[in-house]
Each structure stands twice: as C-alpha cells, then as structure tokens.
Amino acid sequence: MELAYRIYPLPNGTVYTEENVKTLDDVIDIFDYCQIMEAMISKQGWDYLIEKFGIEGLYQADKKSGWFDSDSLEKFICDIEYEKSVAYEDEKDHKAITDFCKVTHFPAP
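In this text, all values refer to a predicted model and were calculated from it rather than measured experimentally.

Draft legend 1. Spatial organisation of the packing of aromatic side chains. If you walk through the whole model with that rule in mind, you get 8 aromatic pairs. Judged by centre distance (6.1 Å) and plane angle (15 degrees), the ring pair of W46 and W67 falls under stacked. One end of the pair, W46, is in helix α2 (residues 43-65); the other, W67, is in the loop between α2 and α3 (73-86), with 21 residues separating them in the sequence. Judged on exposure class, the residue W46 and its partner W67 are both buried. Among the aromatic side chains, those forming a connected cluster through ring pairs are F31, W46, Y59, W67, F68 and F76.

In structure tokens form, the structure reads like this:
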C-alpha cells in the first residue's frame, strides 16, 4: 500500500510503503519532507500511521520534526484531521502534490 509520495528524486519521485515506514524515525523523515512541501501522506497512509504508531506516537514524532508544531495533542489531532481531508486517495495519484508544487513554485528553479 502506498503511504506517502515524495516528489524527489526527479522525474519519478519516491513512493513510501509499509516497508519504508517501520519506525518513528521513518515517520519523522516523512514529516520533514512534508514540512518543506516535498511530500504528501495519502489518506490510507494516515490510517496506517495512526494504527501502527498511535496518535501519541505521531505527536512525539511531530515534536521532533516540527511539521505541525502543535502545542497540544488536541491541536495535533485537528491538524491531522485537516491533512487527511486534503490528502490524495488513489494510489499512484501524485497529481495533488505535483500540482501543489507547481502552483506554489516550489521548489524554486
């Protein structure tokens, strides 16, 4: 199952599956890429991460990453709910993140 997609390395990017996300350090890496708008977690990816690591585990990962920079677990849950609402659904549908990067001109040429 595709959990997340990162736009690099070009031209095809990187697909993250369960095999790539076994520890909270792996989650921190993905959160870091999301923070700089290089990656996006799928809806299924969020479900997997929550089931595997729990909300509190993900909150601890976010504290190290600083992606959401939530000041409470309750705020973090709201942040995740929002991210999940805008996440891509279909495996291999990377249009959402590539369009976002084009619109925001990120990364700068």
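Draft legend 2. Up close: α3. In this model α3 runs 20 Å from its N-terminal to its C-terminal C-alpha over 14 residues, within 8% of the 20 Å that 1.5 Å per residue would give. Taken residue by residue, α3 has F76, D79 and I80 as its buried positions. Axial view of α3: buried residues confined to an arc of 100 degrees, hence all on one face. Seen from the buried face of α3, the exposed residues on the opposite side, beyond 90 degrees, are E74, E81 and Y82. Where the residues of α3 are buried, they touch α2.

Draft legend 3. Region of interest: the packing of α2 against α3. As a packed pair, α2 and α3 sit with axes 11 Å apart at the nearest point and diverge in direction by 160 degrees. Accordingly, the angle class assigned to the pair α2 and α3 is roughly antiparallel. Where α2 crosses over α3, the handedness of that crossing is right-handed. Contacts between α2 and α3 involve K43, W46, D47, I50, I55, E56, L58, Y59 and D62 on the former and, on the latter, L73, F76, I77, I80, E83, K84, S85 and V86. Looking at the contact of α2 with α3 residue by residue, the class counts come to 10 nonpolar, 1 polar and 6 charged.

Reading guide: rules and limits
Residues numbered from 1 in each chain as written. Predicted model: local features only at pLDDT ≥ 70, side-chain atom pairs only at ≥ 80, totals over all residues. Heavy atoms only, no water. Phe/Tyr/Trp six-rings, centres within 6.5 Å; stacked < 30°, edge-to-face > 60°. Helix = DSSP H or I, 4+ residues; strand = E, 2+ residues; numbered from the N terminus. Buried < 20%, exposed > 50% of the residue type's maximum accessible area, 1.4 Å probe, protein only. Expected span 1.5 Å × (residues − 1). Arc of directions from axis to C-beta. Contact = heavy atoms within 4.5 Å. Axes fitted to C-alpha atoms, helices over the stretch in contact; angles between N-to-C directions. Parallel < 35°, antiparallel > 145°, perpendicular 65-115°, else oblique. Left-handed = near helix turned anticlockwise from the far one by under 90°. Nonpolar A, V, L, I, M, F, W, Y, C, P; charged D, E, K, R; others polar.

Taken by themselves, the reported measurements are silent on function.
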